[in-house]
Structure formats: C-alpha cells, structure tokens
Amino acid sequence: MALVEIKHGSEAKSEPLNNNFNFLLEEIQTLAITVQNNKEILESSLSSSNSNIISTKETLEQLVDKTKQSLLDNINSLLSSNGLFFTKTISGDSFCLEYFSDTEKTNRVFMLLFGKAKGFSTVTFLKKFTTLYGLFAQVITSETCVSAAIQNQTTTSFYITDGTHGGKHEDRGGLSNYWFAIGT
C-alpha cells in the first residue's frame, strides 16, 4: 500500500482518502513497534550495565581488603624480623598497628592507623598518638571534582571535610573516605 496522490482542486473521494489514512495508520503502528522494541533493548542494556557496575565495585572492594591484609602482613613480618614487636587492633573499618622496641610492648616507637569513613565526619583514632607525624585522607569516587580535606586534627581524632573546588558536596554522605595516620 502507498499514499495516493490527490491533486489540489480535485474532488476528494472517500476511497483514496481512506487508503491514505490506512497507510498512515500502518506506518504509525510500525514505528510504535520499533520504538517499543528499541525501548526494551535499551532497558536491557541499562540493566546489564548496572549489574556490571555493581559487580566491578564489589570486586574492587574485595581487592582493597586483600591488599590491606597483605600489606599488614608484609609490614609486620619485616619489622618483627628486625627486633620490633607489634600489636594489631581492628575495629570496624579502622586498623591500628603499634610497634614497640621491647617484648613487654611498653615503649612504642611507631604507630600506623588507617581506615575508611563514610561521608564527611569526625574520625576518632583507635589509639591515641603521642606525636602525630602525618595524616592523609582520600575520597574514592568517580567524580573528579570531589576531594577530602582534613580539619581539627588532634592526637585522638580529625574531621574529614569536603575539599572540593570551593564548592560543597555535603549531600554526598555515602562517599567512602580512606585515610591513614602515622606517628608514635
């Protein structure tokens, strides 16, 4: 079926008009089916992409956990073999390694604390530092404009705040902030 040409000024007859309306109706129905099929394909692709993103995030989190444990084990092995004695404390998402020069573990010579905090908040150290030499925090996100900054640093705690280009992302409460601190 095709459109029937109706010349300007000629008498409009019902049969050619009905044929044209039926042709246009069939074209609209064909386009509607195509749009629906494309919508279903797009929804399927989005669902698959979301699933891949979630799977990749879970794999990365597992890799980070394994890497942290491997790093802890390597540091402990190295320092213990050189006459340093250590304790390891883990609580939630925070880890503390203390190194001592004596077997009684009374003379602490080095302490490393690290962990993960959600959003922008106060982090309380598992153990109090005698002297805090360094502290670092990093937001893990796909948004390159978001960064972490440190405020109110003491030997017992600090506040992770938004260090973003003068703007604020306080609405990003679910961001993971990884941090570590070194001292005695």
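Conventions we followed
- Residues numbered from 1 in each chain as written.
- Predicted model: local features only at pLDDT ≥ 70, side-chain atom pairs only at ≥ 80, totals over all residues.
- Heavy atoms only, no water.
- Core = buried A, V, L, I, M, F, W, Y, C linked by side-chain atoms within 4.5 Å.
- Buried < 20%, exposed > 50% of the residue type's maximum accessible area, 1.4 Å probe, protein only.
- Helix = DSSP H or I, 4+ residues; strand = E, 2+ residues; numbered from the N terminus.
- Salt bridge = Lys/Arg side-chain N within 4 Å of Asp/Glu carboxyl O.
- Contact = heavy atoms within 4.5 Å.
- Patch = residues over 30% accessible without salt bridge, like charges linked within 9 Å, V, L, I, M, F, W, Y side chains within 5 Å.
- Areas by Shrake-Rupley, 256 points an atom, 1.4 Å probe, with all protein chains shown as cover.

Looking at the nonpolar core
If you look at the biggest cluster of nonpolar residues, it comprises 16 residues, and the most contacted ones within it are Leu113, Phe125, Phe129, Phe158, Ile160, Trp179 and Ala181. Mapped onto this core, the elements with two or more residues apiece are β3 (108-118), β5 (132-140), β7 (157-162) and β8 (176-183). Ranked by size, the runner-up nonpolar core spans six residues in total, among them Leu72, Phe95, Leu97 and Leu112.

So, the pattern of salt bridges
All told, the structure shown has three salt bridges when counted by the stated rule. With a shortest N-O distance of 3.7 Å, glutamate 43 and lysine 39 are connected by a salt bridge. Residue glutamate 43 and its partner lysine 39 are both found in helix α1 (residues 14-81); the two are separated by four residues, about one turn of the helix. Under the relative-accessibility criterion, lysine 39 is labelled partly exposed at 43%. Between glutamate 98 and lysine 127 there is a salt bridge; the shortest N-O distance is 3.0 Å. Of this pair, glutamate 98 sits in strand β2 (residues 94-100) while lysine 127 sits in the loop between β4 (122-124) and β5, placing them 29 residues apart in sequence. One network of salt bridges, in which partners are shared, links Glu98, Arg108 and Lys127.

Let's talk about the side chain of threonine 184
Tracing the sequence through the fold places threonine 184 in the segment after β8. Setting aside residues no more than four positions away along its own chain, threonine 184 makes contact with Arg108, Val109, Phe110, Met111, Phe129, Thr130, Thr131 and Tyr133.

As for a nonpolar patch on the surface
Together, Leu3, Phe21 and Leu24 make up an exposed nonpolar region whose accessible area comes to about 310 Å². Assignment of secondary structure puts leucine 24 in helix α1. With a relative accessible area of 41%, leucine 24 lands in the partly exposed category.

Side note on the side chain of asparagine 20
Summarising the element assignment, asparagine 20 is placed in helix α1. Judged by relative accessible area, which is 11%, asparagine 20 ranks as buried. Excluding residues within four positions of it along the chain, asparagine 20 makes contact with Ala2, Leu3, Val4 and Ile6.

The quantities given are spatial measurements derived from coordinates; they are silent on function.
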